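Spelled out from the first residue to the last, the chains are:
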Amino acid sequence: MDKLDVADDYQQVKDQVAILNARGEQVTEDQVIKRTLKRSLEQILDYRMDGTFYTVAWDDQGNLALTDVYGKPAGVIKPINESLIEDFKRDDQGVWDHFNLAIMKSIAR
């Protein structure tokens, strides 16, 4: 599933799912959205912090957890509504705004 660039919006996710499934990979929209959310948050963090200082991982509650270079928890990005995946489906651009605001509150510099 790592053969395509990170999607910018929900339509690109749908396109990627169609392409990957046509190539024989069995992926769902939710899988591609999860990958997109994680990688996009990593890109936003790298840009805001002028480098890679944080690791992003999905936690057991469906949040994106941030860990600093020392392995210490640095923040958690929680959904606006019931899940980050559903938030993306409802308002893909609003999720990027949500990520930026959450980063500014927890680790901005």
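Quick notes on the rules
Residues numbered from 1 in each chain as written. Predicted model: local features only at pLDDT ≥ 70, side-chain atom pairs only at ≥ 80, totals over all residues. Heavy atoms only, no water. Pairing = 2+ DSSP bridges. Helix = DSSP H or I, 4+ residues; strand = E, 2+ residues; numbered from the N terminus. Axes fitted to C-alpha atoms, helices over the stretch in contact; angles between N-to-C directions. Contact = heavy atoms within 4.5 Å. Core = buried A, V, L, I, M, F, W, Y, C linked by side-chain atoms within 4.5 Å. Buried < 20%, exposed > 50% of the residue type's maximum accessible area, 1.4 Å probe, protein only. Patch = residues over 30% accessible without salt bridge, like charges linked within 9 Å, V, L, I, M, F, W, Y side chains within 5 Å. Areas by Shrake-Rupley, 256 points an atom, 1.4 Å probe, with all protein chains shown as cover. Salt bridge = Lys/Arg side-chain N within 4 Å of Asp/Glu carboxyl O. Phe/Tyr/Trp six-rings, centres within 6.5 Å; stacked < 30°, edge-to-face > 60°. Lys NZ or Arg CZ within 6 Å of the ring centre and 35° of its normal.

K.L.:
Would you mind going over the sheet that holds strand β3 (residues 73–77) in detail, with residue names and values included?
P.N.:
The strand order across the open sheet built from three strands is β1-β2-β3, with neighbouring strands paired in antiparallel fashion. Where the open sheet ends on each side, the last strands, each with one partner, are β1 (54–58) and β3. Across the sheet, the mean angle from the axis of one strand to that of its neighbour is 25°, orientation sign disregarded. Of the pairings in the sheet, the one linking β1 to strand β2 (residues 64–68) comprises five bridges and is antiparallel in character. Bridged to Ala-57 within β2 is Ala-65. Most of the contacts of helix α2 (residues 29–48) go to β1, to which it runs at about 165°, and overall it touches β1, β2 and β3. Set on the sheet, helix α4 (residues 92–106) makes contact with β2 and β3; between it and β3 the angle comes to about 150°.

K.L.:
Report on the nonpolar core, specifying residues and quantitative values.
P.N.:
Within the largest apolar cluster, 28 residues are counted, with the highest numbers of intra-cluster contacts made by Leu-37, Leu-41 and Phe-99. Only α1 (10–22), α2, β1, β2, β3, α3 (84–90) and α4 provide two or more residues apiece to this core. Looking at which element gives the most residues to this core, the answer is α2, with six residues. Dropping the residues within four chain positions of it, Phe-99 is found in contact with Leu-37, Leu-41, Ile-44, Leu-64, Ile-77 and Leu-84.

K.L.:
Account for a nonpolar patch on the surface, with residues named and values stated.
P.N.:
On the surface, a nonpolar cluster with roughly 360 Å² of combined accessible area is contributed by Phe-53, Val-69 and Tyr-70. Within the secondary structure, Tyr-70 is located in the loop between β2 and β3.

K.L.:
Could you give an account of the packing of aromatic side chains, with specific residues and numbers?
P.N.:
Enumeration over the complete set of coordinates arrives at three aromatic pairs. Centre to centre, the rings of Trp-96 and Phe-99 are 5.8 Å apart; their planes meet at 65°, and the pair counts as edge-to-face. Residue Trp-96 and its partner Phe-99 are both found in helix α4; the two are separated by three residues, about one turn of the helix. On the basis of relative accessibility, which here comes to 12%, the residue Trp-96 falls in the buried class. Put simply, the rings of Tyr-10, Phe-88, Trp-96 and Phe-99 touch in pairs and so form one group of aromatic residues. Its guanidinium or amino end placed over the ring of Trp-58, Lys-34 lies 5.0 Å from that ring's centre, counting from NZ or CZ.

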